[in-house]
Amino acid sequence: MCGRGQDMAFPDYCAHCGGPVVLPPTAAPLPRPTGLPGMWNHAGRLPVTPDTAWLSMGEGGTPVVPAAAAAGWCAVEHLMFKLDHLNPSGSFKDRATAVGVAQAVWQRAQAVVCASSGNAAGSTAAYAARAGLPAIVLMPEAVPPGKAAIARAHGAIVLRVRGDYSNAFRAARELAARFGWINLTTTYVNPVAVAGLKSAGYELADQLAQTPDWIVVPVGAGPLVHGIVTAYREMRNAGEAAALPRILGVQAEGCAPIADAFDRGAAEVAPWQEVRTRISAISDPLRGYPSDGSYTLRLVRETGGAMATVGDAEAGEAVDRLAHREGLLIESGAAADLVAVRALRARGTIGADETVVCMLTGHGAKTLATGAEVGGPVVADADEAVDRLRAHTAIAEGMTV
Ligand SMILES: [Zn+2]
C-alpha cells in the first residue's frame, strides 16, 4: 500500500506501514492466453505454476448476459450481469481459492484456514477437499446456517467465533501464524490468492466489445476491486484496453466503513463499530485491519468511481426482482448492485447511456429459507390444484384456469 517492497516470501501485511500487501502487476507485454478453460486461459498472468490447473472444477469463464428487465428498473440503457455466482462453489471466491489452495499444496502446508461470512467458507472447504488438505473455517456467530452447512458438507472443521466477522478474522490470522497454515481469508491477507481475482477483469475485457463505463462490485474488504482494477491497468499499460472502468462499490447500510469514508472525503477508513445488517456478504467491519478498506477506497477513487450503501429491505426486494424477472437466483449482497445502480442513476452519477456491468458474486441458493413450510401447499390431484391456482394472487394476467 505504501509502495515499498517486502523481502518476506509470504507477508500478510506490510512490515513498514501495516497496510495490505499485493503482488506487483504483471508487466507488459502480457502473457498470451493459454486456451485452457475458464480463468486458466489467463494463467500466465496469475501466480500459479503450469500444473496448478489440476485443482480446477471449472472456475471463471462465467457468462456476461444482458439485464433486459433490470435495465428498465434502473433507467440505464446498457446494463449487463457477469454471472460469477456460477463458479463451482457458487461464488466469485473460487477465483481466489483455486490459486490459494494451489499455493498451499506447493508450500506443503498441513492445512488451510479461513475466516468467512459464508462464501469463502464453502469455497475453501471444497477446494481443500479436492486437494486432500484439511480446512478449518471460522465464521461469525450469526452466519447464515446454509453457508455453514455447505462448508461442513465438504468435511471442513467449522467453528463459529463469538461476535462479528472481525473476531473470526483475528482468530484465523492467529491460527495461520501459529501453525503455518495457509490463510485463505478473502480480505487482502493472502496476496497470492487475491491475485486470482484479476481473472474477472481479464474475462470482462475478453467478453465486452469495449471497456464498460462502470463495473459494480459488492464490497466487504474489497479484494475484488483490486483484482478488476489491476487487471484493467495491466491491460491498459499493455495496450490491450483503452480505458479504466469506473468502480461502483456497494456496501450494506448497516456496515459500510468504506462508503462512509468515501462520503466524508476521508483518505483513511475507520473501523465500523456495530454491525446492523443481515447482508452478511458485504458487512465487514474491518476492525483491526481498516487499511484494507483504505486501500480499496483509494482504488475506487483512482478510477473516478463511487461507493453506495444499500438497506436490508431494498436488497431483499432486488433478490426477488432478479429471481422473478431475470431468472437469476442471487444472494442479497450481490443483488444489492441493482439498488445501487438505480440510486446513482437517479442522482445523475451514472448517465442513462453509460454501460454498466454488475458483478453477481454469490448464488442465492445458499441463503434460502428451508423446511417443509416453504415448499408450498400439498394437493391431492389436478382438481385440487385448480382450486389452489384460482386462489393464487400471483397468476399472470391473461392466463385462465
Ligand atoms: Zn507498506
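These figures come from a predicted structure and were not determined experimentally. (Residues numbered from 1 in each chain as written. Predicted model: local features only at pLDDT ≥ 70, side-chain atom pairs only at ≥ 80, totals over all residues. Heavy atoms only, no water.)

Brief notes about the packing of aromatic side chains
Per the counting criterion, the structure on display carries three aromatic pairs. Taking the centre distance of 4.8 Å and the plane angle of 25° together, the rings of F179 and W181 count as stacked. On the basis of an interplanar angle of 85° and a centroid distance of 5.2 Å, the ring pair of Y188 and Y295 is categorised as edge-to-face. Of this pair, Y188 sits in the loop between strand 6 (182-183) and helix 6 (191-195) while Y295 sits in helix 10 (residues 290-302), and the two are 107 residues apart along the sequence. Since its relative accessible area comes to 0%, Y188 is described here as buried. (Phe/Tyr/Trp six-rings, centres within 6.5 Å; stacked < 30°, edge-to-face > 60°. Helix = DSSP H or I, 4+ residues; strand = E, 2+ residues; numbered from the N terminus. Buried < 20%, exposed > 50% of the residue type's maximum accessible area, 1.4 Å probe, protein only.)

Notes on the state of the cysteines
Tallied over the full model, the rule gives zero disulfides. Counting only cysteine sulfurs, C358 is the nearest neighbor of C74, a cysteine outside any disulfide, at a range of 6.6 Å. Here C114 is not disulfide-linked; the sulfur of C255 is the nearest cysteine sulfur, at 18 Å. Residue C114 is classed as buried on the basis of its relative accessible area, which comes to 0%. (Disulfide = S-S within 2.5 Å.)

With respect to the packing of helix 2 (residues 93-106) against helix 3 (residues 119-131)
Closest axis-to-axis distance for the helix 2/helix 3 pair is 9 Å, and the angle between their directions is 40°. Classed by the angle they form, the pair helix 2 and helix 3 counts as oblique. For the pair helix 2 and helix 3, the sense of crossing is right-handed. Within the contact between the two elements, helix 2 uses K93, D94, T97, A98, V101 and V105 and helix 3 uses N119, A120, S123, T124, Y127, A128 and A131. (Axes fitted to C-alpha atoms, helices over the stretch in contact; angles between N-to-C directions. Parallel < 35°, antiparallel > 145°, perpendicular 65-115°, else oblique. Left-handed = near helix turned anticlockwise from the far one by under 90°. Contact = heavy atoms within 4.5 Å.)

Examining the sheet that holds strand 2 (residues 78-82)
What the six strands build is an open sheet, ordered 1-2-10-7-8-9; its pairing is mixed. Across the chains shown, the open sheet's two edge strands, defined by having one partner strand only, are strand 1 (64-66) and strand 9 (306-310). In this sheet, neighbouring strand axes are inclined to one another by 25° on average, regardless of whether the strands run parallel or antiparallel. Examined bridge by bridge, strand 2 and strand 10 (residues 355-359) share five bridges and lie parallel to one another. (Pairing = 2+ DSSP bridges.)

Side note on the side chain of S117
For S117, the position within the fold is in the loop between strand 3 (112-115) and helix 3. A relative accessible area of 15% places S117 in the buried class. Here S117 is in contact with M139, P140, V143, P144, K147, Y165, S280 and A281, once residues within four sequence places are set aside.

Observations regarding the UniProt feature "modified residue: N6-(pyridoxal phosphate)lysine" (unreviewed entry) in the protein
On the UniProt side, "modified residue: N6-(pyridoxal phosphate)lysine" (unreviewed entry) is annotated at positions that read K93 here. By the element assignment, K93 lies in helix 2. When neighbours within four sequence positions are excluded, K93 is seen to be in contact with N119, A120, S123 and T186. (UniProt positions renumbered as here; feature names shortened; annotations may be inferred.)

Re the sheet that holds strand 5 (residues 157-161)
Strand order in the open sheet made by the four strands is 5-4-3-6, with parallel pairing throughout. Single-partner strands in this sheet number two, and they are strand 5 and strand 6. As judged from the four bridges shared by strand 3 and strand 4 (residues 135-140), these two strands associate in the parallel manner. Within strand 4, the residue paired with V113 across the bridge is I136.

Considering the nonpolar core
Core analysis: the largest hydrophobic core is formed by 86 residues, its most contacted members being V217 and I228. Broken down by element, the residue count for this core peaks at seven residues, all from helix 8 (residues 223-237). Viewed by domain, this core spans two of them, domain 1 (64-90 + 197-365) and domain 2 (93-189), each represented by three or more residues. Those residues in contact with I228 that lie beyond four places of it in its chain are L197, A200, G201, I215, V217, I247 and M359. Ranked by size, the runner-up nonpolar core spans 36 residues in total, among them A70, V76, A318 and A336. (Core = buried A, V, L, I, M, F, W, Y, C linked by side-chain atoms within 4.5 Å. Domains from an automatic or database assignment.)

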